[in-house]
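Residue-level structural notes
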Amino acid sequence: MERILHDLRLSETITPFGVGAIVDVLGESLIAPDTSWWDRKSAPEVSCERLLARLGAGVLRQAPSHSGRAAKETAHLLYWRFPTWRFCERCTKLSQLTGRNKGRWSNNCDCGGALVPMRYVAVCEKGSHIQDIHWFMWAHRGRDAGVTESVRHCRAYKELRFVRSSQHGEGLASLRVECNGCKRSRPLSDLVGGESLHRDGVRCGGTQPWEEPKPGNVCEHKLIAVQRGATGNYIAERLSALDIPEERPQSVGTADRIRSHIYFEKVVADNGGPQAEMVAEWIANEVGATAEEVLNLADGGIDDSPESPLLDLKDGEWAAFVKKLEGGRDHGVGDFVVDGWAVPSDSAWPTELTSRLVGVGQVRRVREVRALRGFRRHSAEAALITADLGPDRRRRPVYPAIEMFGEGIFLRFDEDRISEWENLPDVRARAEILIGRREASEWAHRLDVPEPRFIALHTLAHLLIRRLAFASGYASASLQERIYANSERPDRTAGILIYTAAGDAQGTLGGLVRLGAPDKLLPLLLAALSDADVCSNDPVCIESDRQGVAQLNLSACHGCALVSETSCETGNRLLDRQLVLGGGGVTGLLDHVLDEVRSST
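Analysis parameters
Residues numbered from 1 in each chain as written. Predicted model: local features only at pLDDT ≥ 70, side-chain atom pairs only at ≥ 80, totals over all residues. Heavy atoms only, no water. Helix = DSSP H or I, 4+ residues; strand = E, 2+ residues; numbered from the N terminus. Buried < 20%, exposed > 50% of the residue type's maximum accessible area, 1.4 Å probe, protein only. pLDDT = per-residue confidence, 0-100. Contact = heavy atoms within 4.5 Å. Core = buried A, V, L, I, M, F, W, Y, C linked by side-chain atoms within 4.5 Å. Salt bridge = Lys/Arg side-chain N within 4 Å of Asp/Glu carboxyl O. Expected span 1.5 Å × (residues − 1). Pairing = 2+ DSSP bridges. Axes fitted to C-alpha atoms, helices over the stretch in contact; angles between N-to-C directions. Phe/Tyr/Trp six-rings, centres within 6.5 Å; stacked < 30°, edge-to-face > 60°.

So, about the overall build of the protein. A count of helices and strands for the protein gives 16 helices and 23 strands. For the protein, the proportion of its 601 residues judged to be buried stands at 51%.

Now the structure itself:
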């Protein structure tokens, strides 16, 4: 065990250096073990019932931390060395051994040279496992003529070298693992390829580097050699929730009133018959619903179970924000304080904007809790490895979490106007481009469904973040979005929350919330639309329908709509300026706002 002192921000213990991630610290390559290795006494519990309800049984804990100088008994995080195979930069010796200096372990060779971790590791194709490549075994295998009988039975374990030889060309062919005992030399070019390790008989051990090997627990999936620092080696699955007094969505209350009606059992008993339709009309008139809702509920068509934990969290948040907007000035205290304002339709601002924006909320204080559910490796389709692999992982798992405090601005859009707009044929055809690409991608199905309202509101949020970065005093990377735009949920949502959250008081400096008043926010919205009207990459950008990763952006680029990836829920994907401002035969959600402003000046 070697003590390495290095500072990490608390937020980095969730991502990018959370459980299962490889961390480079002062020339060392380390990996973070699961939460069963944490010192529970120095890991304070974080309370958020809404988030725990979606994660299931368990407890949220903040990583052990301290402030000031570290001492011997200071709370700290434990990291394992990975990969264990390293080579000396001076004598090129390759081994798993660690040097000693005055009786203490050090990351130095016996010759005094620093040990450098090997650049390739083995990742399981489907099981999300990762392990060292046994370089001695790999070097003495292969299908070329150099694999002789003496090579197969070589036992010169201390004679392995990692060298670079320009005699064999450039690239991976020049990087070779050589054995001075049997004179075997094998290039790293033999390592790449999906079947290379499988052909050499290297099998997945079915564990993570910090876990004890389990006899007979060999994973059936193939291993793939990847670079140690590849981004696909760690795909974190996070879940965040705003700590708010969650309100019951309107659809849930309506369903409860329907179920408790005295005649509801008759509808269930005569399911599909003429009497059911007649009684359903009676019930619908009394509870303020439609006959279709009553019949659907009697048929079991409404499922209270969430399609997605994130969508279910957003349903409760949306209901809470709507209630706050209706309440006006908020004189309450706590971690969720929102002043609600109605946008006056008879103001001097463009009616094309005020008729669509029906409410604004100044979020004076909000608490966000972020948790790491687990991670995947190599592919978004791979198995999910939970954050707790210890003995309590089934009964009471521990999820890494952090609480953030901040402020923000909430915008609610008119449901009738946005529904009318998104049913236009040209609008639907434009959105179908991204819907088709999302379905065709192996990993993009994890993103939100890019229906027209989501694309438009998502793009508008990006435009507003770029403008707020100039006016609020916060950097754009400090601002984050939360999009409420879904027409398939029982309660349709159409809103945007832009907020800032930090682990200390810096998230509540007031620079953002003061801009939430309608008389200040509406000019910022108009300025954001004006900024996006012309992109520095136009006409290429506005006419494009294939930009970004996996072509999941249409008319959106770094010159107009992209922000920091940490600020975006979907990693700067599913954006399109045409669905906001129009163009190319497509009607935008705020198509005529700028025209009205320019005609009045």
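The predicted model of the protein has a mean per-residue pLDDT of 85, with 92% of residues at 70 or higher. This stretch, residues 302-307, has a pLDDT under 50; its non-local contacts, to residues over four places away or in other chains, come to six contacts.

Here we take up the environment of V116. Tracing the sequence through the fold places V116 in strand β10 (residues 115-117). Taking relative accessible area as the criterion, V116 reaches 28% and is therefore assigned partly exposed. Excluding residues that lie within four positions of it along the chain, V116 makes contacts with R86, F87 and E89.

Here the focus is the nonpolar core. Counting 61 residues, the largest nonpolar core has L457 and L468 as its most contacted members. Here this core takes ten residues from helix α13 (residues 452-471), the largest share from any one element. Apart from residues no more than four positions distant in its own chain, L468 is found in contact with I409, G473, L479, I498, L512, L515 and L524. Membership of the second largest hydrophobic core comes to 35 residues, among which are V123, W318, F336 and F410.

This structure, assessed with the given rule, holds 31 salt bridges. Close ionic contact of D339 with R329 constitutes a salt bridge, the shortest N to O distance being 3.1 Å. Here D339 is found in strand β18 (residues 336-342), whereas its partner R329 is found in the loop between α9 (309-327) and β18, with ten residues between them in sequence. The class of D339 is buried, set by a relative accessible area of 1%. A relative accessible area of 49% means that R329 is categorised as partly exposed. For the salt bridge of E422 with R453, the shortest nitrogen-to-oxygen distance reads 2.8 Å. Highlighted residues: E422 in helix α11 (residues 415-422) and R453 in helix α13, separated in sequence by 31 residues.

The terminal C-alpha atoms of α13 lie 29 Å apart, and with 20 residues this matches the ideal 28 Å at 1.5 Å per residue to within 8%. With 15 of 20 residues buried, α13 lies mostly within the body of the structure.

As a further point, take the sheet that holds strand β15 (residues 185-187). Taking strand neighbours across the sheet as the criterion, the three strands line up as β13-β14-β15 in an open arrangement whose pairing is antiparallel. Every interior strand has two partners, whereas the edge strands, β13 (160-164) and β15, have only one. For this sheet, the mean angle separating the axes of adjacent strands, direction not counted, is 25°. Here β13 runs beside strand β14 (residues 175-179); their pairing, made up of five bridges, is antiparallel. By the bridge assignment, R164 is partnered in β14 with L175.

A separate point is the pairing of strand β2 (residues 28-31). One face of the sheet, then the other: side chains in a regular strand alternate in exactly this way. Side chains E28 and L30 of β2 all project onto a buried face; the interleaved residues S29 and I31 project onto the opposite face, where all are buried too. Where strand β1 (residues 22-25) folds back on β2, the antiparallel hairpin that results is connected by two residues, among which L26 adopts a positive phi of roughly 50°. The pairing of β2 with strand β5 (residues 80-81) spans two bridges and is classified as antiparallel. When the bridges of β5 are listed, L30 appears paired with R81.

Summed over all chains, the structure comprises eleven aromatic pairs. Ring centres of W318 and Y484 lie 6.1 Å apart, and the angle between their planes is 40°; this geometry places the pair in the tilted category. Of this pair, W318 sits in helix α9 while Y484 sits in strand β22 (residues 479-486), and the two are 166 residues apart along the sequence. Each member of the pair, W318 as well as Y484, is classed as buried. For Y484, a relative accessible area of 1% gives the class buried.

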